[in-house]
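# Structural description and commentary
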Protein chains: 2
Amino acid sequence: MSTTHPFDQSTQLTAKDDGFHGQITAEYGNMVGPYGGIIGACLLQAVIDHPERRGVPLSITLNYAAPLAATEHRIAVQLVRNNRSTQHWSLQLFQEGDTPLMTATVITAQRRETWSDTELKAPQTPAANSLKPIPTQGFPTWVGQYDMRFMQGVVTLQDADKSDDSTSLLWVRDEPARPLDYASLMAISDCFFPRLFVRHQQMAATGTITLTTYFHASEDDLAAQGSDHLLAQARGKRFFNGYFDQAGELWGSNGQLLATTHQLVYFKM
Amino acid sequence: MSTTHPFDQSTQLTAKDDGFHGQITAEYGNMVGPYGGIIGACLLQAVIDHPERRGVPLSITLNYAAPLAATEHRIAVQLVRNNRSTQHWSLQLFQEGDTPLMTATVITAQRRETWSDTELKAPQTPAANSLKPIPTQGFPTWVGQYDMRFMQGVVTLQDADKSDDSTSLLWVRDEPARPLDYASLMAISDCFFPRLFVRHQQMAATGTITLTTYFHASEDDLAAQGSDHLLAQARGKRFFNGYFDQAGELWGSNGQLLATTHQLVYFKM
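Residues numbered from 1 in each chain as written. Chains lettered and ligands numbered in written order. Predicted model: local features only at pLDDT ≥ 70, side-chain atom pairs only at ≥ 80, totals over all residues. Heavy atoms only, no water.

## Some thoughts on the overall build of chain A
Looking only at helices and strands, chain A has 5 helices and 14 strands in total. A globule of 269 residues ought to have a C-alpha radius of gyration of about 18 Å, and chain A, at 18 Å, matches this closely. Across the 269 residues that make up chain A, the buried fraction comes to 60%. Within chain A, residue pairs in contact and separated by at least 24 positions form 68% of the contacts whose partners lie at least 6 positions apart. For chain A, the accessible surface area stands at approximately 10,400 Å², while carbon and sulfur atoms represent 48% of it. (Helix = DSSP H or I, 4+ residues; strand = E, 2+ residues; numbered from the N terminus. Rg over C-alpha atoms; globule rule 2.2 N^0.38 Å. Buried < 20%, exposed > 50% of the residue type's maximum accessible area, 1.4 Å probe, protein only. Contact = heavy atoms within 4.5 Å. Areas by Shrake-Rupley, 256 points an atom, 1.4 Å probe, with all protein chains shown as cover.)

In structure tokens:
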């Protein structure tokens, strides 16, 4: 029996001539293929592992062009532009065939000390340890890889919980607990159930089309966070003819804003 | 004297074997090179002009890898994935040399009628015609291509207007007026002055690194808007060691949410 965390197994990549090879484990299975957040973590990890990479991740944009199979994937990484303080990366993920299933762009940067301020304050909430994690049965497998404790906007599939407000507020961390790094922060930025489910409290066909996460965290912020729960909030702004957006924030347990995230989701209803 | 709107001149592209060729006019000049919004409009227009394009723009992500010169550019467009209802596009913009100055991804989609709801309501504001446009002298040239009428968060460079809140709220349209289309909506989604200037009321070196805009508007929404003012709001969430984010919304004059937009900006201070 392996003692390696499933997150580390799933994001471990082997560098070969044609790119970075890896395979996501069954623990991160979603309705169709693996959870989008773990796919994003693999793509980000390919940049982090690249020998020419300098600095830390600033942003990642993921375009989900086709569902992945539960088999090995290959990530082709191109350093498009190498500036003094930033690097621009373009990525494509392949399984069978030569048409990419994912495209992505990543920007890394060497940060320098400047005037700084966190303008958006974290919501005041009860402590994570005063709340219970949601039961994971009935949800896709990947949900079991997270400990989620909701204060608002949980998906219960009960009519009584239907709402005109798609906002969710929750504490979330890897399960089992694991120290936060950029790859796991990327994965957690996709942890929000589709806002459509919060509104209607019913399942429907949905799929992320494109996701962008901005990393506001330094390596010191990640170290300070360790394996504590993150505070996570998300909401949708417009649901319209097959697509809706959701925008979210991830704060450290000390109230520091670590990442902001946005996605556009396909739906049928 | 040309009677074509400078926006149409700047986004007009000529299809050649190696991509779409165009040149942005001097009216859209910024501190260094052209205004980022007009560059984004050109990239989006290249997809709109592509003979294989189906449906309307859903999202665009722009990565500003290097400043453009005020000369001709070439946009290479690749249809990466052609799904039943969505298309995934990858773009690169070149001037001299074979290293791209911009990369971009665009998603287009054929929307189908579904349950729809605009959850985020437009702020209540005075009518655009009850306010005066800001004077454009002292600003980069491109600002003169817009009629902007501020209710909150204008940049005056006066100490008295320094604020802990980077929010801006304004009415904005092309100047001279021009019927809204997806390309001009893209351009306007970058019209927000850097949030740093709102906070400090002083100029500083800044530059957009990456921008993502989600289009929530149908062609009917655009037609309903015509050349009226859009209501625009933006704010920053964290300013940290050389980079800050800004997130914004663009509503039609009838209160419909037409686009949401996010960017990450480099700064020195």
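## Examining helix α2 (residues 36–49) of chain B
Residues and elements named next belong to chain B. In a regular helix each residue adds 1.5 Å, so 14 residues correspond to 20 Å; α2 covers 20 Å between its end C-alpha atoms and thus fits that length. When you tally the buried positions in α2, you get 12 out of 14 residues, the bulk of the element. Buried within α2 we find Gly36, Gly37, Ile38, Ile39, Gly40, Ala41, Cys42, Leu43, Leu44, Gln45, Ala46 and Val47. (Expected span 1.5 Å × (residues − 1).)

## Quick look at empty space enclosed by the protein
Residues and elements named next belong to chain A. This structure, assessed with the given rule, holds 3 cavities of 30 Å³ or more. Of the voids in this model, the largest cavity is the one considered here, and its volume is about 40 Å³. Taken together, Val172, Arg173, Asp174, Arg178, Leu180, Ile188, Gln225, Gly226, Ser227, Asp228 and Leu230 form the lining of the largest cavity. A per-element tally of the lining of the largest cavity places strand β9 (residues 168–174) first, with 3 residues. (1 Å grid on protein atoms, 1.4 Å probe; cavity = no way out; pocket = protein on both sides within 12 Å on 5 of 7 lines; lining within 4 Å. Points joined across faces, edges and corners; volume = space filled by probe spheres on them.)

## Some details on the pairing of strand β4 (residues 73–82) of chain A
All names here are of chain A. Sheet analysis places strand β2 (residues 19–22) next to β4, joined by 3 bridges and oriented antiparallel. The residue bridging phenylalanine 20 from the neighbouring strand is isoleucine 75, located in β4. Inspection of the sheet shows β4 paired to strand β5 (residues 86–94) by 8 bridges, in the antiparallel sense. Bridging from a neighbouring strand, arginine 74 pairs with phenylalanine 94 of β5. The loop that links β4 with its antiparallel partner β5 comprises 3 residues. (Pairing = 2+ DSSP bridges.)

## Quick look at the relation of the copies chain A and chain B
Between the two copies, chain A and chain B, the superposition gives an RMSD of 0.0 Å; the rotation angle is 180 degrees and the shift along the axis is 0.0 Å. The superposition operator between the copies reduces to a two-fold rotation axis. When you check the interface residues of chain A against chain B, 100% turn up at the interface there too, and the contact is symmetric in its surfaces. (Least-squares fit on C-alpha atoms with pLDDT ≥ 70 in both.)

## Topic: the packing of aromatic side chains
All names here are of chain A. The tally for this structure, following the rule as stated, stands at 24 aromatic pairs over all chains. Ring centres 6.0 Å apart and planes at 70 degrees place the aromatic pair tyrosine 35 and tyrosine 146 in the edge-to-face group. Highlighted residues: tyrosine 35 in the loop between β2 and α2 (36–49) and tyrosine 146 in strand β8 (residues 146–152), separated in sequence by 111 residues. Aromatic pair tryptophan 142 and phenylalanine 193: ring centres 6.2 Å apart, planes at 55 degrees, arrangement tilted. With a gap of 51 residues between them, tryptophan 142 in the loop between β7 (117–118) and β8 and phenylalanine 193 in the loop between α3 (182–188) and α4 (195–200) connect regions that are remote in the sequence. Under the relative-accessibility criterion, tryptophan 142 is labelled buried at 5%. Through successive ring pairs, a cluster of aromatic residues spans Tyr35, Phe139, Trp142, Tyr146, Phe150 and Phe193. The ring of phenylalanine 240 is capped by arginine 238, whose NZ or CZ atom sits 4.1 Å from the centre of that ring. (Phe/Tyr/Trp six-rings, centres within 6.5 Å; stacked < 30°, edge-to-face > 60°. Lys NZ or Arg CZ within 6 Å of the ring centre and 35° of its normal.)

## Overview of the nonpolar core
Ranked by internal contacts, the top residues of the largest apolar core, which has 67 residues, are Ile75, Leu91, Met148 and Leu185 of chain B. The element best represented in this core is α2 of chain B, accounting for 8 residues. If sequence neighbours within four positions are ignored, methionine 148 of chain B has contacts with Lys132, Pro133, Ile134, Trp142, Leu170, Trp171, Val172, Cys191 and Phe193 of chain B. In terms of nonpolar packing, the next biggest core, distinct from the first, is built from 66 residues, Ala46, Val155, Leu170 and Leu250 of chain A among them. (Core = buried A, V, L, I, M, F, W, Y, C linked by side-chain atoms within 4.5 Å.)

## Side note on the pairing of strand β13 (residues 243–251) of chain B
Residue and element names in this part refer to chain B. The element β13 is extensively covered by neighbouring structure, given that 9 of its 9 residues are classed as buried. A two-sided burial pattern is seen for β13, the buried positions comprising Tyr243, Asp245, Ala247, Glu249 and Trp251 on one face and Phe244, Gln246, Gly248 and Leu250 on the other. With 5 bridges joining them, strand β11 (residues 230–235) and β13 adopt antiparallel strand pairing. The residue bridging alanine 232 from the neighbouring strand is leucine 250, located in β13. Joining the antiparallel neighbours strand β12 (residues 238–240) and β13 is a turn of 2 residues, in which asparagine 241 adopts a positive phi near 40 degrees. Where β13 meets strand β14 (residues 257–267), 9 bridges bridge the pair, whose relative direction is antiparallel. In the strand pairing of β14, glutamine 246 is matched with glutamine 263. Remark: 5 residues form the turn of the hairpin made by β13 and β14, two consecutive strands paired antiparallel; glycine 255 in that turn has positive phi of roughly 90 degrees.

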